[in-house]
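Results of the structural survey
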Amino acid sequence: MKKHLLLILLATVFLFSAVAESPKRELRATWLASVSNIDWPKSTQTAAQQQAALVEILDGMQAARMNAVYMQVRPMCDALYQSAYEPWSQYLTGTRGKDPGYDPLAFAIDEAHKRGMELHAWINPYRYESVKNMHGADDPIRKNHPEWLLEYSSSYILDPGNPEVTAYLVEVIEDIITHYNVDGVIFDDYFYPYEGTTNQDAYSQSLYKPAGKDVGDWRRENVNTLMADIYSMIQATKPTVKFGIGPFGIWGGPQSVANAYGIDYLNTSGGTSAYSQLYCDGVAWLKAKSIDYISPQCYWPSFNTRAWGYKTLVPWWAGVAEVMGRHFYSSMRISTMPQSAPQRRSILQRLRITESEYDNLSMVERSVAATAAQGTEECGFEVDMNRSTDLLGAPGHVFFNTTQFFSYGLADYLAEEKFTQPALTPLMSWKTPQTLPRITDITLSGNTLSWQAPGADETIRYALYYVPSRVVNSPATYEKSTYLQQITWETSADVSSCTQSGYYFVVTAIDAAGNESEPYVKTPSGIQTGRAESLAVYGAQGVVCVSAPEATTVQVYAVTGQLVREAEVERGTTEITLPAGLYIVNGYKVVVR
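Please read all numbers here as calculations on a predicted model, not as lab measurements.

**With respect to the overall build of the protein chain**
- Scanning the protein chain from N- to C-terminus turns up 18 helices and 27 strands.
- Within the span of the protein chain, comprising 593 residues, buried residues form 56% of the whole.
- Carbon and sulfur atoms form 50% of the exposed surface of the protein chain, whose accessible area is close to 23800 Å².

Structural data, given as structure tokens:
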């Protein structure tokens, strides 16, 4: 029996330590919390010290091959940026309204882009205070718009039911995306408070709730309206900006609503319901296409056996995302992953053994069991699950929080075991593709590779590959991360690590939605394109669009390998009508909505 158990334990360790292929496209991010100075900044530091600390964080994330950071820039109706509407955050200097002497958001964007990372501005839309009256009686909102505030036992929030609040929040976010080159805007889980709402919003109900309308439905519609208005504003102002939300992980809607949405029902009774307690309906936002991605806080480990354990929630959310045609990036809480010392209960659940069986193990066997239950192993399991359950070619991993990401050793573990190559962020095929620049004048001077990209705007970024000459002209080469070296918003890169003989430098341009240009190869005789066909293929509503330099034949395959369509396309752009689904078109993965 003991021998059998040891084999099980060893197999478990092997399973969770095996190096999986590092996908070319997936989101890898951390939540960088400013509230209460959790991660960054520290209000006791000078501006120079804060900048140095942020650079150190971003350097560490780059070393872990992360490609995005969710930076909290508006935790409590305040700003870690130059706002036209709200005061400087107290978390910068210790004093609300005090100028920190630099622009933290502008600095963070520049530094993140240098390291090939997107920066998404993390915003708490409704939270005003976490402790009553902490902002004082003369704070602008309390002084000028007291009717905007809802009072709870220990806090105040902005009233989601007041249309003036909705309009104000849209203006605040428009101010950010107009003046800053953020790649995305992300909300977290703070909507109506967790403690529950009874009659705190009686004033707005009396003015705005239609007679006879269910108060829960009305509150959910208030939040839904804000999401729709923000998304519409983004599309009108700067459509390259991505909009996402990280709600509480348990949706909790009833079966009748799940049926109406056309999704599988997940019975999570006994857990907190975002739908009925927070009036937060993440599935509604996906169905309305008013967000680009959802990042539910799946903060329960894999060995949680309830209906809201990681093994249950993640496949369910992946299925919802696939039905709705938007991306799902799982948010993962590091503090729920077992750390250093073995946790007896987690070991038993993970390895499916009883107390008595554990007691009969030798010290060596217990050591193996401890290894299987360590936090890095749980993290690896969750990453693998995110990848294996993804149905759209767009897996995502978002870790809370950044300080624990480093202090618990996950950064090193992920770089060595899971994020072994850089990755592009997932392609958002529903966004309008930008015109990608041609790459010219690729030159190597010492260890610096540089190039020109005439006409590129501030949203265009670049991927650098280092490719053996034997496969440089093969389209399949660029479908994987094998030869991908780095991503950057700059038109130069340090290539001191690229020393192999018989390799070529290759540069591609990538737009904000993730569309990638054909490869431009630096050969001894000049620059050539790396794809023999030089096709541009992308999906849209009901069609595959094929842009070809000359008449050619394209073959469309289902993911099962069945040939669906063979078509002759002319020079220019041709639309091929297809049902919604995932296809392979001349080697390109394409999603049709």
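Continuing now.
**Quick notes on helix H2 (residues 47-63)**
- Taking 1.5 Å of rise per residue, the 17 residues of H2 would be expected to cover 24 Å, and the 24 Å separating its terminal C-alpha atoms lies within 8% of that figure.
- Restricting attention to buried positions, one finds in H2 the residues Gln50, Ala53, Leu54, Ile57, Leu58, Gly60 and Met61. For H2, the angular spread of the buried residues around the axis is 155 degrees, confining them to a single face. Away from its buried face, by an angle of more than 90 degrees, H2 presents the exposed residues Ala48, Glu56 and Ala63.
- Where the residues of H2 are buried, they touch strand E1 (27-32), strand E2 (68-74), helix H3 (90-93), helix H4 (104-114) and helix H17 (402-407).
- Positive phi appears at arginine 65, one or two residues downstream of H2, with a value of about 60 degrees.

**What to know about the packing of aromatic side chains**
- Taken as a whole and assessed by the stated rule, the structure comprises 26 aromatic pairs.
- Note on tryptophan 451 and tyrosine 462: the rings are 5.7 Å apart at their centroids and 70 degrees apart in plane angle, and the pair reads as edge-to-face. Of the two residues, tryptophan 451 is situated in strand E14 (residues 448-452) and tyrosine 462 in strand E15 (residues 461-468); the sequence distance between them amounts to eleven residues.
- Arranged with centres 5.3 Å apart and planes meeting at 85 degrees, the rings of tyrosine 465 and tyrosine 478 form a pair that is edge-to-face. One end of the pair, tyrosine 465, is in strand E15; the other, tyrosine 478, is in the loop between E15 and strand E16 (484-488), and 13 residues separate them in sequence.
- One aromatic cluster is present, formed by Trp31, Tyr70, Trp122, Tyr293 and Tyr329 through successive ring pairs.
- The side chain of arginine 142 reaches across the aromatic face of tyrosine 156, ending 5.0 Å from its centre.
- Over the ring of tyrosine 275 we find arginine 220; its NZ or CZ atom is 3.9 Å from the centre of that ring.

**Quick notes on the nonpolar core**
- Among the nonpolar cores identified, the biggest contains 124 residues, and Leu105, Phe187, Phe243, Trp251, Trp317 and Phe399 are the most heavily contacted of them.
- In terms of residue count, helix H12 (residues 310-324) provides more of this core than any other element does, nine residues in total.
- When near neighbours in sequence (up to four residues on either side) are disregarded, phenylalanine 187 contacts Trp31, Ile123, Pro125, Ile173, Leu226, Met227, Ile230, Phe243, Gly244, Ile245 and Gly246.
- Core analysis: the next-biggest nonpolar cluster, separate from the first, contains 16 residues, Tyr466, Ala493, Cys498 and Phe505 among them.

**A look at the sheet that holds E15**
- Pairing is antiparallel in the open sheet, where five strands are placed in the order E16-E15-E18-E19-E20. What marks the edges here is a single partner per strand, and that holds for E16 and strand E20 (526-529). Ignoring strand direction, the axes of neighbouring strands in this sheet form an average angle of 25 degrees.
- Relative to E16, E15 runs antiparallel, the two being bridged by four bridges. Considered in E16, the bridge of alanine 463 is made with isoleucine 487.

Analysis parameters
- Residues numbered from 1 in each chain as written.
- Predicted model: local features only at pLDDT ≥ 70, side-chain atom pairs only at ≥ 80, totals over all residues.
- Heavy atoms only, no water.
- Helix = DSSP H or I, 4+ residues; strand = E, 2+ residues; numbered from the N terminus.
- Buried < 20%, exposed > 50% of the residue type's maximum accessible area, 1.4 Å probe, protein only.
- Areas by Shrake-Rupley, 256 points an atom, 1.4 Å probe, with all protein chains shown as cover.
- Expected span 1.5 Å × (residues − 1).
- Arc of directions from axis to C-beta.
- Contact = heavy atoms within 4.5 Å.
- Phe/Tyr/Trp six-rings, centres within 6.5 Å; stacked < 30°, edge-to-face > 60°.
- Lys NZ or Arg CZ within 6 Å of the ring centre and 35° of its normal.
- Core = buried A, V, L, I, M, F, W, Y, C linked by side-chain atoms within 4.5 Å.
- Pairing = 2+ DSSP bridges.
- Axes fitted to C-alpha atoms, helices over the stretch in contact; angles between N-to-C directions.

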